[in-house]
Amino acid sequence: MQRTDWEDLGQGVRDLIQAQAGPVLCARTVAAGLNSQLAVVLETAAGQVFVKGLRTDHPGAVRQRREAMINPYVLPVAPRLRWQAEGAGWSLLAFDYLPHARHADYAPGSADLPAIVHALNQLQQIPCPDLPVKRAEQRWAAYLKDEAARDLLVGETLLHTDFNPLNVLMDVGTARIIDWAWPTRGAAFIDPACFLLRLILAGHTAAQAEAWAARCDSWASAPHNAISAFALACACLYAEIAQQDPQPWKQRLAAAAQKWAQHRTKEPELSGCNKYVLSALE
């Protein structure tokens, strides 16, 4: 997504930000990240703050509102939201700035992985608040058309569901989970599963990735067929995404999901998604 620098913002939105943050002494655009039209570190008299934003007519603005809604509940693992503002055509969120943070490294042998697993286990101890978040059995319903399969995703755990390494910051050895665009209520094993897909994408084998997922407390108690059904649903989902918009990174993610599903089913090739989901329930 094309970024807008501080100097290119209209005076109205700069005034809106400074009404919240105080006078801006200097501003630096952050290049990393995929989903924000504005991503800046602002230096103010009160210190540094990270501000991200989207124009209010952008479909993603609703995801920012979800992120603001869930932030008070995920502070053990996420940076604090300082303020939220809408006006001058923009939806804005401001977070504590982590000056020493960097994006996580998911490569095999990375020293970041134990800290990420620790953050996952912390997150899974947070009760899902009584908020209007999606339910897992709804989000993956199109790929689990059998009711028994959908029921395997039911749960009361608060889930993040998008473990792109850009969504995990390493802050002096501590993993912080950011970009809460899709908070979801569901079975606890789903977040470790979403994490392991990204590990496969980063070069792990499916078995190696599952070994890291198994370090999450919820993995051992999850039914084997529930994990297999979810793996197959992910293969269907990402194959569809890659087919509709064949960008290279989407094709790579689809291939990673396919590898995991093949590992779970021992099938050399997968087609007819629902047939294989049903077979995983047997």
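Predicted model only: the values in this text are computed from it and were never measured.

Chemist: Sorry if this is basic, but what is going on with the sheet that holds strand β8 (residues 157-159) here?
Modeler: By definition, the strands of a sheet pair up through backbone hydrogen bonds, in either a parallel or an antiparallel sense. With mixed pairing, three strands are arranged side by side in an open sheet as β7-β11-β8. Each edge of the open sheet is held by one strand with a lone partner, namely β7 (134-135) and β8. Pairing geometry for β8 and strand β11 (residues 184-186), over three bridges, is antiparallel. Directly across from Leu-158, in β11, lies its bridge partner Arg-185.

Chemist: What should I look at first to understand the sheet that holds strand β10 (residues 174-177) in this one?
Modeler: On the basis of which strands lie adjacent, the open sheet formed by three strands has the order β6-β9-β10 and antiparallel pairing. Since the sheet does not close on itself, it has two edges, and those belong to β6 (102-103) and β10, each with one partner. Judged from the four bridges that link them, strand β9 (residues 168-171) and β10 form a sheet pairing that is antiparallel. Bridge pairing links Met-170 to Ala-175 in β10. Its contacts with the sheet put helix α3 (residues 113-123) on β9 and β10, and the angle it makes with β10 is roughly 55°.

Chemist: Would you mind showing me how to read the pattern of salt bridges here?
Modeler: Oppositely charged side chains are able to pair whenever their charged atoms sit close together. Counted by the stated rule, this structure contains 12 salt bridges. Close ionic contact of Glu-67 with Lys-52 constitutes a salt bridge, the shortest N to O distance being 2.8 Å. Here Lys-52 lies in strand β3 (residues 47-55) and Glu-67 lies in helix α2 (residues 61-70), a separation of 15 residues in the sequence. Exposure remark for Lys-52: the relative accessible area of 6% places this residue in the buried category.

Chemist: Can you help me understand the packing of aromatic side chains in this one?
Modeler: Aromatic ring pairs are defined here through the distance separating the ring centres and the angle between the ring planes. All told, the structure shown has four aromatic pairs when counted by the stated rule. Pairing Tyr-106 with Phe-195 gives two aromatic rings, centres 5.4 Å apart and planes at 90°, and the pair type is edge-to-face. Here Tyr-106 is found in the loop between β6 and α3, whereas its partner Phe-195 is found in helix α6 (residues 190-201), with 89 residues between them in sequence. Across the pair, Phe-195 and Tyr-106 agree in class, each one buried. The interplanar angle of 70° and the centroid separation of 5.1 Å between the aromatic rings of Trp-140 and Phe-230 together place this pair among those described as edge-to-face. Of this pair, Trp-140 sits in the loop between α4 (136-139) and α5 (147-151) while Phe-230 sits in helix α9 (residues 224-244); the two residues are 90 residues apart in sequence, bridging distant segments of the chain. In this arrangement the basic side chain of Arg-66 is found over the ring face of Trp-182, its NZ or CZ atom lying 4.5 Å from the centre. A cation over a ring is seen here: Arg-215 above Trp-212, with NZ or CZ 3.9 Å from the ring centre.

Cut-offs used in this document
- Residues numbered from 1 in each chain as written.
- Predicted model: local features only at pLDDT ≥ 70, side-chain atom pairs only at ≥ 80, totals over all residues.
- Heavy atoms only, no water.
- Pairing = 2+ DSSP bridges.
- Helix = DSSP H or I, 4+ residues; strand = E, 2+ residues; numbered from the N terminus.
- Contact = heavy atoms within 4.5 Å.
- Axes fitted to C-alpha atoms, helices over the stretch in contact; angles between N-to-C directions.
- Salt bridge = Lys/Arg side-chain N within 4 Å of Asp/Glu carboxyl O.
- Buried < 20%, exposed > 50% of the residue type's maximum accessible area, 1.4 Å probe, protein only.
- Phe/Tyr/Trp six-rings, centres within 6.5 Å; stacked < 30°, edge-to-face > 60°.
- Lys NZ or Arg CZ within 6 Å of the ring centre and 35° of its normal.

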